[in-house]
Amino acid sequence: MISWKLTAISYKVDSNRPYLEPRYASSIMNPSPVHAVRLNLYKYSLSLPLLRFIFIPKFPFSSSSLSFSLFHLLPRIQNPNNIVNVNLICSNLKQHNSNLAFLHTELRELLPHLGTQEVSRVLLRCQSDFSTALSFFNWVKNDLGLRPSAQNYCIVVHTLAWSRKFSQAMKFLCELVELVKDDLPSEEVFKNLVLCTEDCNWDPVVFDMLVKAYLRMGRVREGLRSLRKILKVGFVPTVIASNCLLNGLLKLNCTDRCWEVYEQMERFRIAPNLYTFNILTHVLCKDGDPGKVNKFLEKMEEEGFDSDIVTYNSLISSDCRKGRLDDAFYLYKIMYRRGVVPDLVSFTALMNGLCKEGRVREAHQLFHRMVHRGLTSDIVTYNTLIHGYCKEGKMQESRSLLHDMIWKRISPDSFTCWVLVEGYGKEGKLLSALNLVVEIQRFGVSIPPDIYCYLIVALCQEN
């Protein structure tokens, strides 16, 4: 029968010897001679002095059994057993990278002890071989069901970016951004990315990708906050990331924030390109101040950038929306002089401006001029003219354009149907509207339910 004793264990390190010498005090339950056992702890240190009470069996024991029983007193990251686990996992990964099922069998006893810290250490060991690191990460996440930490994700992102696998890195970065939003609100993606640079091979493009990831997930304001943090710690994003952010802010109509980003670009000497100036030209057009637009265009030319088709289309569309058709057609003429050929967007914007002014015939003439120049019209072009004729009550011309577009295999959309049915309704020609619906259905066009509701109400009111 084995008797047990409660023993006080004190630890003392002798600086002249690379081992730990536990000195056993006298037993409380059954006094016995003091035993001294030398326990080799390799090179791992303890925070000393340390006092613990444990139950140990009262019989002779070996140093190895005592070693196994005392290792659990060490902090997790200093436990030699855990170090061995990581070495064993890395060794098996190199041998059986293509057969993770075999790896699962080999490491079955170690898997319950596998945590996010061990995952990080394995990933760091594998960072020179991105395919091994990626296989291990996916295995842990998908097969073992272990939820990776933000640090695990960041190590994988850095590893993939360093290996020039940018699309895969972006995928995991977007996944991390969503994970932090839903499950890990206390962890910050940017902070973890910066901390991981101390141990990982890394490429500054990762911080560009972070801004793009937020924009891809539709979180523009968080992308702006990330840009501020990137600049604050001394990293300089590329003009591509800055342009993506400018475009995202423009879509949200945050024009003030656009100029803030542009000022930061100038301050940190991020050289703008033509795309930058085109976005900012669009911003100025939304503000509606022609003087500011002209000054900015002059500055753009001083920087060595000539206006391209995008610049002119932004200016023409802005002038047409604001009823400045003379200015719009002046730009249209300037385009030819500067060797910039108007495209479908240019002509459609001008036709839309003419139709708003009630000059539908002129718009139709411009349409024919566009076709003669070799440009192919689309649904937007036809809808612009059909809408213009319907507003003037010229349903025969509208119907003719409908037949023309169907003959050119351009399928009418819900807007086309609405404009024509409503046009006939305003003229009191509900029978013609019903016939039109039947005709459009023959071409396989789906009629919106709202059109049927409109026709039912109109027919009831007429009767």
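Residues numbered from 1 in each chain as written. Predicted model: local features only at pLDDT ≥ 70, side-chain atom pairs only at ≥ 80, totals over all residues. Heavy atoms only, no water.

### Observations concerning the overall build of the protein chain
Okay, so step 1: A tally of helices and strands in the protein chain yields 23 helices and 3 strands.
Okay, so step 2: Across the 463 residues in the protein chain, those meeting the buried criterion constitute 44%.
Okay, so step 3: Of the roughly 25,300 Å² of accessible surface on the protein chain, a fraction of 53% belongs to carbon and sulfur atoms. (Helix = DSSP H or I, 4+ residues; strand = E, 2+ residues; numbered from the N terminus. Buried < 20%, exposed > 50% of the residue type's maximum accessible area, 1.4 Å probe, protein only. Areas by Shrake-Rupley, 256 points an atom, 1.4 Å probe, with all protein chains shown as cover.)

### Digging into the confidence of the model for the protein chain
Okay, so step 1: Looking at the protein chain, pLDDT values average 80 and 76% of them are 70 or higher.
Okay, so step 2: Within the model, pLDDT remains below 50 along residues 1-68, and this stretch shows 99 contacts once partners closer than five positions in the same chain are excluded. (pLDDT = per-residue confidence, 0-100. Contact = heavy atoms within 4.5 Å.)

### Remarks on the nonpolar core
Okay, so step 1: Among the nonpolar cores identified, the biggest contains 117 residues, and Phe 136, Leu 193 and Leu 245 are the most heavily contacted of them.
Okay, so step 2: With 9 residues, the single largest contributor to this core is helix α7 (residues 166-182). (Core = buried A, V, L, I, M, F, W, Y, C linked by side-chain atoms within 4.5 Å.)

### Overview of the state of the cysteines
Okay, so step 1: Summed over all chains, the structure comprises 0 disulfides.
Okay, so step 2: Between Cys 258, a free cysteine, and Cys 254, which holds the nearest cysteine sulfur, the sulfur-to-sulfur gap is 7.3 Å.
Okay, so step 3: Using a relative accessible area of 0% as the deciding quantity, one classes Cys 258 as buried. (Disulfide = S-S within 2.5 Å.)

### Section: the packing of aromatic side chains
Okay, so step 1: Scanning the entire structure with this criterion turns up 17 aromatic pairs.
Okay, so step 2: Where Phe 136 meets Trp 139, the ring centres are 6.0 Å apart and the plane angle is 45°; that geometry is what we call tilted. Residue Phe 136 and its partner Trp 139 are both found in helix α5 (residues 130-143); the two are separated by 3 residues, about one turn of the helix.
Okay, so step 3: Look at Tyr 332 and Phe 347: their rings are 5.7 Å apart centre to centre, the planes differ by 75°, and that puts the pair in the edge-to-face class. Residue Tyr 332 is found in helix α16 (residues 325-337), and its partner Phe 347 is found in helix α17 (residues 344-356); the two are separated by 15 residues along the sequence.
Okay, so step 4: Note on Tyr 332: relative accessible area 5%, which makes it buried.
Okay, so step 5: One aromatic cluster in this structure is built from Trp 259, Tyr 262, Phe 277, Phe 296 and Phe 305.
Okay, so step 6: Lys 171 extends its terminal NZ or CZ atom over the ring of Phe 172, reaching a point 5.2 Å from the ring centre. (Phe/Tyr/Trp six-rings, centres within 6.5 Å; stacked < 30°, edge-to-face > 60°. Lys NZ or Arg CZ within 6 Å of the ring centre and 35° of its normal.)

### Thoughts on the pattern of salt bridges
Okay, so step 1: Taken as a whole and judged by the stated rule, the model has 14 salt bridges.
Okay, so step 2: Here Arg 257 and Glu 260 are joined by a salt bridge, their closest N and O atoms 3.8 Å apart. Residue Arg 257 and its partner Glu 260 are located together in helix α12 (residues 255-267), separated by 3 residues, close to a single helical turn.
Okay, so step 3: Close ionic contact of Arg 324 with Asp 327 constitutes a salt bridge, the shortest N to O distance being 3.8 Å.
Okay, so step 4: The network of salt bridges with common partners includes Arg 228, Arg 257 and Glu 260. (Salt bridge = Lys/Arg side-chain N within 4 Å of Asp/Glu carboxyl O.)

### Here's the deal with the environment of Leu 280
Okay, so step 1: Residue position: Leu 280 is located in helix α13 (residues 274-287).
Okay, so step 2: Owing to a relative accessible area of 0%, Leu 280 belongs among the buried residues under this scheme.
Okay, so step 3: With 34 residues separating them in the primary sequence, Leu 280 and Leu 246 have C-alpha atoms 8.1 Å apart.
Okay, so step 4: With sequence-adjacent residues up to four places away left out, Leu 280 is seen in contact with Leu 246, Cys 258, Trp 259, Tyr 262 and Phe 296.

### A few points about the packing of helix α15 (residues 309-321) against α17
Okay, so step 1: As a packed pair, α15 and α17 sit with axes 9 Å apart at the nearest point and diverge in direction by 5°. In terms of orientation, α15 lies roughly parallel with respect to α17. In this structure, α15 uses Ile 309, Asn 313, Ile 316, Ser 317 and Cys 320 to contact α17, whose residues at the interface are Val 345, Ser 346, Ala 349, Leu 350 and Gly 353.
Okay, so step 2: Across the contact of α15 with α17, the residue classes break down as 6 nonpolar, 4 polar and no charged. (Axes fitted to C-alpha atoms, helices over the stretch in contact; angles between N-to-C directions. Parallel < 35°, antiparallel > 145°, perpendicular 65-115°, else oblique. Nonpolar A, V, L, I, M, F, W, Y, C, P; charged D, E, K, R; others polar.)

### A closer look at the side chain of Thr 311
Okay, so step 1: Turning to its location among the elements, Thr 311 is positioned in helix α15.
Okay, so step 2: Within the local environment of Thr 311, its side chain forms a polar contact with the side chain of Asp 308, the two groups lying 2.9 Å apart.
Okay, so step 3: What Thr 311 contacts, discounting residues up to four positions off in sequence, is Asn 278, Thr 281, Leu 297 and Met 300. (Polar contact = N/O pair within 3.5 Å; in protein donor to acceptor, adjacent residues only side chain to side chain.)

### Here's the deal with the environment of Phe 136
Okay, so step 1: Given the relative accessible area of 0%, Phe 136 is considered buried.
Okay, so step 2: Here the alpha-carbon distance between Phe 136 and Leu 93, two residues 43 residues apart in the chain, equals 7.8 Å.
Okay, so step 3: Discounting chain neighbours no more than four positions away, the residues touching Phe 136 are Ile 89, Leu 93, Val 119, Val 122 and Leu 123.

### Side note on unusual backbone geometry
Negative phi values dominate among residues other than glycine, just as trans dominates among peptide bonds.
Okay, so step 1: A positive phi is found at Arg 164, a non-glycine position, where the angle reads about 65°.
Okay, so step 2: Assignment of secondary structure puts Arg 164 in the loop between α6 (150-162) and α7.

### Brief notes about the environment of Ala 161
Okay, so step 1: In this fold, Ala 161 is placed in helix α6.
Okay, so step 2: A residue is classified by how much of its surface remains accessible, and Ala 161, at 0% relative accessible area, is buried.
Okay, so step 3: Remark: the alpha-carbon pair of Ala 161 and Asn 201, spanning 40 residues in sequence, is separated by 9.1 Å.
Okay, so step 4: When neighbours within four sequence positions are excluded, Ala 161 is seen to be in contact with Phe 166, Ala 169, Asp 203, Val 205 and Val 206.

### Quick notes on a positive patch on the surface
Okay, so step 1: A contiguous patch of positive charge, built from Lys 286, Arg 321, Lys 322, Lys 356, Lys 391 and Lys 426, is present on the exposed surface.
Okay, so step 2: Structurally, the position occupied by Lys 286 is in helix α13.
Okay, so step 3: Given a relative accessible area of 39%, Lys 286 falls into the partly exposed group. (Patch = residues over 30% accessible without salt bridge, like charges linked within 9 Å, V, L, I, M, F, W, Y side chains within 5 Å. Lys, Arg positive; Asp, Glu negative; His and termini not counted. Charge placed at Lys NZ, Arg CZ, Asp CG, Glu CD.)

### Notes on the packing of helix α18 (residues 360-372) against helix α19 (residues 379-391)
Okay, so step 1: Packing of α18 against α19 leaves a shortest axis separation of 10 Å and a crossing angle of 160°. Here α18 lies roughly antiparallel to α19, going by the angle between them. Between α18 and α19 lies a crossing whose hand is left-handed. Contacts from Val 360, Arg 361, Ala 363, His 364, Phe 367 and Met 370 of α18 reach α19 at Thr 381, Tyr 382, Leu 385, Gly 388 and Tyr 389. (Left-handed = near helix turned anticlockwise from the far one by under 90°.)

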